[in-house]
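A structural walkthrough
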Amino acid sequence: MSIAFWEVTKNFGPKRILDNVSFDVATGEILFILGKSGMGKSVTLKHIVGVLKPDSGAIIVDGMNVTKLDEDGLAEIRRRCGMVFQHPALLDSLTVYQNVSFGLRTPQFARTLRRTLSEEEIRARAIEKLALVHLGPELLERRPQELSYGMQKRVSLARTLAPEPRYLLFDEPTTGLDPVTTNAVNDLILELSRKLKVTSIVVSHDMACALKVADRILVLDQARILAWGTVPEIKRSQEPLIRDFLSETLALLPPEER
Ligand SMILES: Nc1ncnc2c1ncn2[C@@H]1O[C@H](COP(=O)(O)OP(=O)(O)OP(=O)(O)O)[C@@H](O)[C@H]1O
Ligand SMILES: [Mg+2]
């Protein structure tokens, strides 16, 4: 077991966002977290990296209770957990190389690694991570605004991969993308997870992506877990909300994939 939520409750003022939520993610697994807008999906990810603290319960990452860690402990958790957001958020004033290597030059990274990387090591890593997302070294000196949106997303993923996280936490990686780029991002999630043996949590609205990519799917609704299971288990669910989520998606699939 690598990441676990144990009876986590979180309120914002009078509003309960997570109500006694417990689940775990196995090493190497791809877990999709689905739910309507405002159901606490992003809040769940933020608890994993200690940006938010629960009112009660515990979040365990690699055996460490995130809620009890000091700043150095949290820096270590954040090195182990790479976050990928909906928008690439690259710095336009920096080159691709500077963007990808950004996280390797911070004092926090040097502290968790217990040394600083040489410029040659940083360069080799940047090239290696770009290759993982199918981009070549000829892009290193380009600026983000010279690249297509899909390429910017890849560069941003390479930046997340640079510190070599064990966990990848994606927050709506395909929301707002065209179908071709959506497929490419899904393929990358699968490929990276298998090749690098990372454990992934993907927050999404997109049941179609989840059915294609997930090992297990967790559906949050009204502060609770409405369903949590493998793809075949979710497909068989009789929960009305899940049937709703599924009906449009399955109708678009060829009969043999339903
Ligand atoms: N720091 C905060 N302070 C107060 N309320 C917050 C905070 N962060 C989130 N919330 C509230 O918690 C609820 C869940 O937010 P969250 O961002 O997790 O939703 P979500 O499931 O990710 O939705 P979406 O699909 O729209 O991204 C929302 O009602 C939101 O307004
Ligand atoms: Mg969100």
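What counts, and at which threshold
Residues numbered from 1 in each chain as written. Chains lettered and ligands numbered in written order. Predicted model: local features only at pLDDT ≥ 70, side-chain atom pairs only at ≥ 80, totals over all residues. Near = placed C-beta within 6 Å. Helix = DSSP H or I, 4+ residues; strand = E, 2+ residues; numbered from the N terminus. Nonpolar A, V, L, I, M, F, W, Y, C, P; charged D, E, K, R; others polar. Expected span 1.5 Å × (residues − 1). Buried ≥ 20, exposed ≤ 12 C-beta atoms within 10 Å, placed from the backbone. Arc of directions from axis to C-beta. Pairing = 2+ DSSP bridges.

In this section: the site of ligand 1. Taken together, Phe 12, Ile 17, Gly 35, Ser 37, Gly 38, Met 39, Gly 40, Lys 41, Ser 42 and Val 43 make up the full set of residues near ligand 1. Among the elements that make up the shell around ligand 1, the one with the highest residue count is helix H1 (residues 41-48) (three residues). Residues belonging to the shell around ligand 1 are distributed by class as follows: four nonpolar, five polar and one charged.

Taking 1.5 Å as the rise per residue, helix H7 (residues 179-196) with 18 residues should run 26 Å; its terminal C-alpha atoms sit 25 Å apart, in good agreement. Those residues of H7 that fall on the buried side of the exposure criterion are Val 185, Asn 186, Ile 189 and Leu 192. For H7, the angular spread of the buried residues around the axis is 130°, confining them to a single face. With respect to the buried face of H7, the exposed residues turned more than 90 degrees away are Pro 179, Val 180, Arg 194 and Lys 195.

Spatially, S2-S1-S4-S5 is the arrangement adopted by the four strands of the open sheet, whose pairing is antiparallel. Two strands in the sheet have a free side with no partner beyond their single neighbour: strand S2 (15-25) and strand S5 (64-65). As judged from the seven bridges shared by strand S1 (residues 3-12) and S2, these two strands associate in the antiparallel manner. Residue pairing in the sheet places Phe 5 in a bridge with Phe 23 of S2.

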